Amino acid sequence: MSRTLRILLPIALGLAVLALWEAIVRAAAIPPYVLPAPSAIGLAFVANFASLMASAWTTLSITLAAFVLALLGGVGLAVLFSQSRLIENALYPYAVVLQVTPVVAIAPLIIIWVGFERIDLALLIIAWIVAFFPILSNTTLGLKSADHNLIDLFRLYGAGRWQILTRLQLPTALPHLLSAMKISGGLALIGAVVAEFVAGSGTATGLAWRIVEAGNRLEIAKMFAALALLSLMGIAIFFSLAALEWALLHRWHESALKKVE
Amino acid sequence: MPLLTLFRVAKRFDSGLEAIRRLDLAVKPGEFVSLVGPSGCGKSTALRIIAGLLQPTEGAVAFPGGRPEIGFVFQEPTLMPWADALGNVRLPLELKGVARGEAEARAARALERVGLKGFEKSYPRELSGGMKMRVSIARALAAGPKLLLMDEPFAALDELTRQALNDDLLKLWREDKLTVLFVTHSVFESTYLSTRVVVMRPRPGRVHDEIVLAPPAERNEAWRVTAEFAGEAARVSAALKHAMEEGE
Ligand SMILES: Nc1ncnc2c1ncn2[C@@H]1O[C@H](COP(=O)(O)OP(=O)(O)OP(=O)(O)O)[C@@H](O)[C@H]1O
Ligand SMILES: [Mg+2]
C-alpha cells in the first residue's frame, strides 16, 4: 500500500462517516440534545472556543507534567532497581500495589489529603500513578535484558558499573522504554481525566469538567466538542511519541525493519 | 616460559554442578591451541576462567610473563545493535580510556584488516553473518591483544564463509604473532588451524589427550586435500572418539 493511500484512506473514511452522520441527523430530525449533527458540534466548538481551549490547556498541562514525572520516576527507580537487588525486592511489591489498585478508588483519598485548594497537585499525583508503572516495569525489564556476553566483554575491558549502565544497559532498555512511553502517554491523559471527574464540581477546570458541565446543562454539542478535543490530544500524544520512537530506533532496531508486504 | 598456565583448575557452579574437575594446561607464546571435547565438558567455562570472568573453585590461572592483553570472540557476533561497525570495534579502546581520535583510527584500521573497509558506518543488522563475525574479530584485535580466546566463533557460519575466515584468522595470527586458544567442535577446523589440539573428556572436564601437529608453513586449500592432512585429522578424530568413551 502506498504511503499517501495509507494516510488518505482513514481520512476519507472519517469524512464519509461524518457526512453520513450529518445526513441521518437531518433526515430523521434527531433533536440536538440526543445526537447533534457534526455541523452543530463545529458551531459549538467555535462558540465556546476560548473556554474549551483554556480547559484543554489545563488538562494537557497536567497530562504532560504527570507523564514527564512518570518518565523520570520510572526510569530513575528502574535504574536503582538494576543496581540493587535489595531495593528492588523491597519496593517492587509496592509499585505493583499502586498499579493494581483502581485509581478511581484511591483518587478521592488523594484529593482529600492534598486538599481542594491544591487540586491541580492532586490531579497531577493521580495521573502520575496511572502513567508511572508501565515505564517502571518495562525499563526494569529492559535493563535486565542486556546480552550476558556483552556484559562479560565490558568487564573484560575493565568497565565499571556506571559504564555498563550507560553504555550497555540503558541502550538495551531504550526500545522497551519507548514502547512503554507510548502506553504511558495515553494513560497519563486517562488519569488526568478520571481525576477531574472524581474532583468534580467547581474545583476542576479541565476538559473532563467541561464534559460533565455540558452534560448537566444538556449542551450535548458542546460535550461532543470537548470530547473531540480530548481524543485529538490523545492522538497527538501518541503520534509524537511514535515519531520519537522512529527517530531513535529506525537506524538499528529490528522493529523498524521494513515489513515484507 | 609459557604465556599461560592452568594449574589443577576446577570449577563447581553454585548450583552444585561440577563443570571442570581438573584442568592442567600450558600455552606457549605463538601457539595456536584448539580445545575440543563433547558438549558440556567445560570448554566455554575454561575460556571464561582464563579471561578472568569466572573464578575457579580450585587451582589457579597464571600468566608467568604478566597478564597479556586478552581478546575474546564468542560464538555469536555479540555486537551492540545500536552502534555501527566502527562504534563496535572502538568499544574496547574507549573502555580502556584511549583518546577518541586515536580509538577511531585504530578501530578503522582493525576493520580494514578483516576486510571490512567501507563498512564502518554499517549497523549490525545491515551486515551478513560472516561480516558480523569479522566485526567481532576486529573488535577483539582492536586493543592489540597478545592472547586471543575464541569460543566456537565460526560454528554458525556456512562452509565457504567459515573457510575464508579460517584463512584470514591464520593470517592475522601469523602477522600479529598472536597466541590463540580456539574452542571448536570441528575436527577438520582444529586440524587445519592448530599447532596443538587439546582433547577433553565429557563433564566433569579433564584433559584426555594432546595432539601436537606439524602444519606446513603455508596452509591452504591444497593442503586440506592431502593424505597428510587426512592422517592428522584422523588422529584428532580418534582421540576425540576415545575421550567420549572414557567418560566418568
Ligand atoms: N553459570 C552457570 N551456572 C551453572 N551451570 C553452568 C553455568 N555455565 C555453564 N554451566 C554448566 O557447566 C557445564 C559446562 O558448560 P560449558 O558451557 O563450559 O560447556 P561447553 O564445553 O562449552 O559446551 P558446548 O560445547 O556445548 O558449548 C554445562 O553442563 C553447563 O550447563
Ligand atoms: Mg561452549
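Residues numbered from 1 in each chain as written. Chains lettered and ligands numbered in written order. Predicted model: local features only at pLDDT ≥ 70, side-chain atom pairs only at ≥ 80, totals over all residues. Heavy atoms only, no water.

Peer 1: How would you sum up the site of ligand 1? Please name residues and give values.
Peer 2: Residue and element names in this part refer to chain B. Of all residues adjacent to ligand 1, which total 14 residues, the nearest are Ser39, Gly40, Lys43, Ser44 and Thr45. Side-chain polar atom of serine 39 to an oxygen atom of ligand 1: 2.5 Å apart, as the coordinates give it. Residue histidine 185 places a side-chain N or O atom 3.1 Å away from an oxygen atom belonging to ligand 1. When ligand 1 sits alone it has 640 Å² of accessible area, and the protein chains cover 64% of it. (Near = heavy atom within 4 Å. Polar contact = N/O pair within 3.5 Å; in protein donor to acceptor, adjacent residues only side chain to side chain. Areas by Shrake-Rupley, 256 points an atom, 1.4 Å probe, with all protein chains shown as cover.)

Peer 1: Help me get a handle on the packing of aromatic side chains, residues and values and all.
Peer 2: Following the criterion strictly, the structure yields 15 aromatic pairs over all chains and no others. Centre to centre, the rings of A:Phe45 and A:Phe49 are 5.7 Å apart; their planes meet at 85°, and the pair counts as edge-to-face. Of the residues examined, A:Phe45 reaches a relative accessible area of 25% and is grouped as partly exposed. On the basis of an interplanar angle of 25° and a centroid distance of 6.2 Å, the ring pair of B:Phe188 and B:Phe229 is categorised as stacked. Taken together, the residues B:Phe188 in helix α6 (residues 187-193) and B:Phe229 in helix α8 (residues 227-246) connect sequence positions 41 residues apart. (Phe/Tyr/Trp six-rings, centres within 6.5 Å; stacked < 30°, edge-to-face > 60°. Buried < 20%, exposed > 50% of the residue type's maximum accessible area, 1.4 Å probe, protein only. Helix = DSSP H or I, 4+ residues; strand = E, 2+ residues; numbered from the N terminus.)

Peer 1: I'd like to hear about the domain arrangement of chain A, residue by residue, with values.
Peer 2: All names here are of chain A. One can read the domain layout of chain A as domain 1 (1-30) and domain 2 (37-249). On a C-alpha basis, the centres of domain 1 and domain 2 stand 31 Å from each other. Facing five residues of domain 1, the contacting portion of domain 2 comprises five residues. The contact between domain 1 and domain 2 buries some 400 Å² in all, and 71% of this surface belongs to carbon and sulfur atoms. Among the residues domain 1 hides against domain 2, the three largest losses belong to Trp21, Glu22 and Val25. Together they make up 83% of the total. At the boundary of domain 1 and domain 2, one finds zero salt bridges. Inspection of the region where domain 1 meets domain 2 yields one residue pair in polar contact (both at pLDDT 80 or more). Looking at the side of domain 1 that touches domain 2, its residues break down into three nonpolar, no polar and two charged. (Domains from an automatic or database assignment. Contact = heavy atoms within 4.5 Å. Buried area = accessible area lost by both parts, 1.4 Å probe. Salt bridge = Lys/Arg side-chain N within 4 Å of Asp/Glu carboxyl O. Nonpolar A, V, L, I, M, F, W, Y, C, P; charged D, E, K, R; others polar.)

Peer 1: Give me the interface of chain A and chain B: which residues, what numbers.
Peer 2: With 22 residues of chain A at the contact, the number on the chain B side is 26 residues. Carbon and sulfur atoms make up 62% of the area that chain A and chain B hide from each other, which totals about 2200 Å². It is A:Leu156, A:Tyr157 and A:Trp252 in chain A that bury the most area against chain B; as a group they hold 34% of the surface buried on that side. Along the contact surface separating chain A from chain B lie three salt bridges. The partner of A:Asp152 in a salt bridge is B:Arg48, with the nearest N and O atoms 2.1 Å apart. Counting across the interface, chain A meets chain B through six residue pairs in polar contact (both at pLDDT 80 or more). When contributions to the side of chain A that touches chain B are tallied by element, the ones reaching two or more residues are α7 (148-156) and α8 (161-199) of chain A. Broken down by element, the side of chain A that touches chain B gets its largest block of residues, seven residues, from α7(A). Here the side of chain A that touches chain B is built from residues that sort into eleven nonpolar, five polar and six charged.

Peer 1: So what's going on with the pattern of salt bridges? Residues and values would help.
Peer 2: Within this structure, the stated rule accounts for 29 salt bridges over all chains. Salt-bridge contacts for A:Glu88 lead to A:Arg85; the nearest nitrogen and oxygen are separated by 4.0 Å. Of this pair, A:Glu88 and A:Arg85 both sit in helix α4 (residues 85-100), separated by three residues, roughly a single helical turn. Among the ionic contacts, a cluster of salt bridges with common partners joins A:Arg167, B:Arg90, B:Glu94, B:Arg100 and B:Glu104.

Peer 1: Tell me what's going on with the side chain of B:Glu189, and back it up with residues and numbers.
Peer 2: Residue and element names in this part refer to chain B. Within the element layout of this structure, glutamate 189 appears in helix α6. Polar contacts involving the side chain of glutamate 189 include one to the side chain of arginine 162, which spans 3.0 Å. Discounting residues that sit within four places of it in the chain, glutamate 189 has contacts with Phe154, Arg162, Asn166, Phe182 and Thr184.

Peer 1: Tell me about the pairing of strand β8 (residues 196-200) of chain B, residues and numbers included.
Peer 2: All names here are of chain B. Of all the five residues making up β8, five are buried; the element is thus mostly covered by neighbouring parts of the structure. The alternating pattern of β8 places Arg196, Val198 and Met200 on one face and Val197 and Val199 on the opposite face, and all of these are buried. Across four bridges, the pairing between strand β3 (residues 32-36) and β8 is parallel. For serine 34, the partnering residue across the bridge sits in β8 and is valine 197. Inspection of the sheet shows β8 paired to strand β9 (residues 205-212) by five bridges, in the antiparallel sense. Of the residues in β9, the one forming a bridge with valine 198 is glutamate 210. In this structure, the hairpin formed by β8 and β9 is closed by a connection of four residues. (Pairing = 2+ DSSP bridges.)

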